[in-house]
Amino acid sequence: MNYYSLNHKAPNSTFKNAVIKGLAPDKGLYFPESITPLPKSFFENIDDLSYSELAFEAIKQFVVPEIPEEVLKTIVEETLSFDFPVVKLNDNISTLELFHGPTMAFKDVGARFMARCLGYFNKNNDKEVTVLVATSGDTGGAVANGFLGVKGVNVVILYPSGKVSEIQEKQLTTLGQNIKALEINGTFDDCQAMVKKAFLDESLTSQMQLTSANSINVARWLPQLFYFMFAYKQLHNSYDDIVFSVPSGNFGNICAGMMAQKLGLPIKHFVASNNVNNVVTRYLMSQLYEPKPSIQTISNAMDVGAPSNFIRIQEIYKNDFETLKENLSSFSFTDDETREAMREIFDNYNYVADPHGAVGYLGCKSYLKENPEAHCVFLETAHPTKFLDVVEEVVKEEQPLPEQIQSVMGKQKESVSVSTYEDLKDFLLN
C-alpha cells in the first residue's frame, strides 16, 4: 500500500516512510492510495471472529507486506490487551468505553499500535528517531506510555500549561527514561503549530529524524477504526441503524470510523459532537471552513480550533459537501450543557461520564430528535477520574481512583518550560 499527500505536491510514500516521516514533504497529511472493502461475509460472520482477528483483517491492507503478517498479528494482539465494552443506557443510547487501557484514554490503541510499528522499523537501525507530539490532554500520556523504553526512539511531548487536568499532566511528566515533557505557555493550537513548524524546518530535520505521534500519523490514526468494529460486533444483533456520536477535537477518531465505514462496516451515520470549539459544526451549516483560536473548556481534549484530520474526512467523501452531510451531522455544546448532561446521565442511569463522553451523549440526543429509530453510541473516550475536579463537583460523590491513575499520582512532575519555537528547536538540538 502506498500513501499520497493530501496537498498533492509530494511523491507517493510507503507505509514505513509515512510512519517515520509523519507529514509529507509538502506539509500534507498522508492518505492511503486505495481502500478495498472487506467482503460482505466478513461482517455477516463477525460474531465468529475475536477482536484481534477482526482488527488484523481490517488493518492488513494498509500495512502488509512492509510489516509481515505474523509480525502484524503480534502487534495487533499486544495493542488490544484490554476490553472495549458497550454499556446500554436506554433503548436508543449506548456508550462504548474506550478507557480500559494503561492510560485510560481511547488514544492507547493508536499509540500502542504506532509504537510497535516504529519499533519494528527501527529494530536494525542505529539512528535514533525523535517522536514529537502536541497534546491537548490524553495524547501525551498515551504516547508516553506506548513508547516508553522503545529502542532508538526518543519522545518529546508539548502540552499547554494549565490547560490539561492534573492526572493528564502526571501521566506525561512522570515516566522519565526516553520521555521528555515540554510545558508551553499557550494553547494546544500553539503546541501543534510548533510541532508542524519543526517538521518543516530543514535546519532541524537535516540533523535529526523527527516523526509525529499525533493522529496526523497514519499509524496513530488508522487503528482507531478497530473499536467501531468492536461496537458493531456487540450491537448488530440487537439494532439495525447504528449511529456513532464521537466527541471531536482533531477529528482523527471520527475519521477512523469513516474508514471503517469505507471498509464496509454498516454504520448509518456519524455525529461530530463539539464543545464551543465548533469549526466543523459551523462548516456543515454554512459550507465555510473557518478555523479560529481555540477556547478553553472542561472537555479540554476537544479544545482544537483547526482540526488537522478534517481534510482526510473531505477526502473520504471525495470533497463532495452533500455526500459529507449525508454521513455526518455535528452539534456544539457549552460547558454548562455538558455539566447538566453529566448530571442527567448519573441521575437517570447511575453512570459516571467524563466531560467528553457527556458531549457525545448530547450529540446522541440531538441526532435522535430527528431520527428516533436509530441506536446512537457515544464514545466514552477517557475515564471520568481523569477529570476528577469537574466530575466530583457535578455528581457530588467521591470517585475511587483506578490503579492506573493511582500509580502516577504520587510521582514527581518533570517538565521544561518553553515559550517560543526557538526554545523548542534549541531543546531538540541540544
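Rules used in this analysis
- Residues numbered from 1 in each chain as written.
- Predicted model: local features only at pLDDT ≥ 70, side-chain atom pairs only at ≥ 80, totals over all residues.
- Heavy atoms only, no water.
- Helix = DSSP H or I, 4+ residues; strand = E, 2+ residues; numbered from the N terminus.
- Rg over C-alpha atoms; globule rule 2.2 N^0.38 Å.
- Contact = heavy atoms within 4.5 Å.
- Lys, Arg positive; Asp, Glu negative; His and termini not counted.
- Charge placed at Lys NZ, Arg CZ, Asp CG, Glu CD.
- Buried < 20%, exposed > 50% of the residue type's maximum accessible area, 1.4 Å probe, protein only.
- UniProt positions renumbered as here; feature names shortened; annotations may be inferred.
- Axes fitted to C-alpha atoms, helices over the stretch in contact; angles between N-to-C directions.
- Parallel < 35°, antiparallel > 145°, perpendicular 65-115°, else oblique.
- Left-handed = near helix turned anticlockwise from the far one by under 90°.
- Pairing = 2+ DSSP bridges.
- Right-handed = clockwise from strand over helix to strand, strands pointing away.
- 1 Å grid on protein atoms, 1.4 Å probe; cavity = no way out; pocket = protein on both sides within 12 Å on 5 of 7 lines; lining within 4 Å.
- Points joined across faces, edges and corners; volume = space filled by probe spheres on them.
- Nonpolar A, V, L, I, M, F, W, Y, C, P; charged D, E, K, R; others polar.

A. Broad picture of the overall build of the protein. Check the secondary structure of the protein and you find 20 helices and 14 strands. Relative to a compact globule of 430 residues, whose C-alpha radius of gyration would be 22 Å, the protein shows 20 Å and is just as compact. Partitioning the contacts of the protein with sequence separation of at least 6, the portion at a separation of at least 24 is 76%. The protein carries 37 positive and 54 negative side-chain charges, and their two centres are separated by 5 Å.

B. Quick peek at helix 12 (residues 252-262). Judged by how many residues are buried, helix 12 sits mostly within the fold: ten of eleven residues are covered. Taken together, the buried positions of helix 12 are occupied by Gly 252, Asn 253, Ile 254, Cys 255, Ala 256, Gly 257, Met 258, Met 259, Ala 260 and Gln 261. Within two residues after helix 12, Gly 264 carries a phi angle of roughly 115°, on the positive side.

C. Seen up close, the UniProt feature "domain: Threonine synthase N-terminal" (unreviewed entry) in the protein. UniProt's feature table lists "domain: Threonine synthase N-terminal" (unreviewed entry) at residues 2-79, given in the numbering used throughout. The span residues 2-79 shows a helical share of 46% and a strand share of 12%, and its end C-alpha atoms are spaced 23 Å apart.

D. Representation of helix 7 (residues 166-173) within the structure. Summarising burial for helix 7: seven of the eight residues are buried, a large majority. Ile 167, Gln 168, Glu 169, Lys 170, Gln 171, Leu 172 and Thr 173 are the residues of helix 7 that are buried. Looking at the buried side of helix 7, the elements it contacts are helix 6 (138-147), strand 7 (153-160), strand 8 (179-184) and helix 19 (403-409).

E. Spotlight on the packing of helix 3 (residues 51-63) against helix 11 (residues 226-235). Relative orientation of the contacting elements helix 3 and helix 11 amounts to 130°, with a least axis distance of 10 Å. In terms of orientation, helix 3 lies oblique with respect to helix 11. You can see that helix 3 and helix 11 cross each other, and the crossing is right-handed. Residues Tyr 51, Leu 54, Ala 55, Ala 58 and Ile 59 of helix 3 form the contact with helix 11, whose own contacting residues are Phe 226, Met 229, Phe 230, Lys 233 and Gln 234.

F. View of the pairing of strand 6 (residues 129-134). Most of strand 6 is tucked away, with six of its six residues classed as buried. Here strand 6 pairs with strand 7 via six bridges, running parallel. Its bridge partner lying in strand 7, Leu 132 is registered against Val 156. In this region the chain leaves strand 6, passes through helix 6 and returns to the parallel neighbour strand 7; the handedness of that crossover is right-handed. Sheet topology places strand 6 next to strand 9 (residues 209-212); four bridges connect them, and they run parallel. Within strand 9, the position partnered with Thr 130 by the bridge is Leu 210.

G. Molecular detail of empty space enclosed by the protein. On inspection of all chains with the given rule, the structure shows two cavities of 30 Å³ or more. Phe 106, Lys 107, Gly 249, Asn 250 and Ala 301 are the residues nearest the centre of the largest cavity, which is lined by 25 residues in total. Those elements that place two or more of their residues in the lining of the largest cavity are helix 6, strand 10 (242-247) and helix 12. The element that contributes the greatest number of residues to the lining of the largest cavity is helix 12, accounting for three residues. When grouped by side-chain class, the residues that make up the lining of the largest cavity number ten nonpolar, twelve polar and three charged. Roughly 70 Å³ of internal volume is contained in the second largest cavity.

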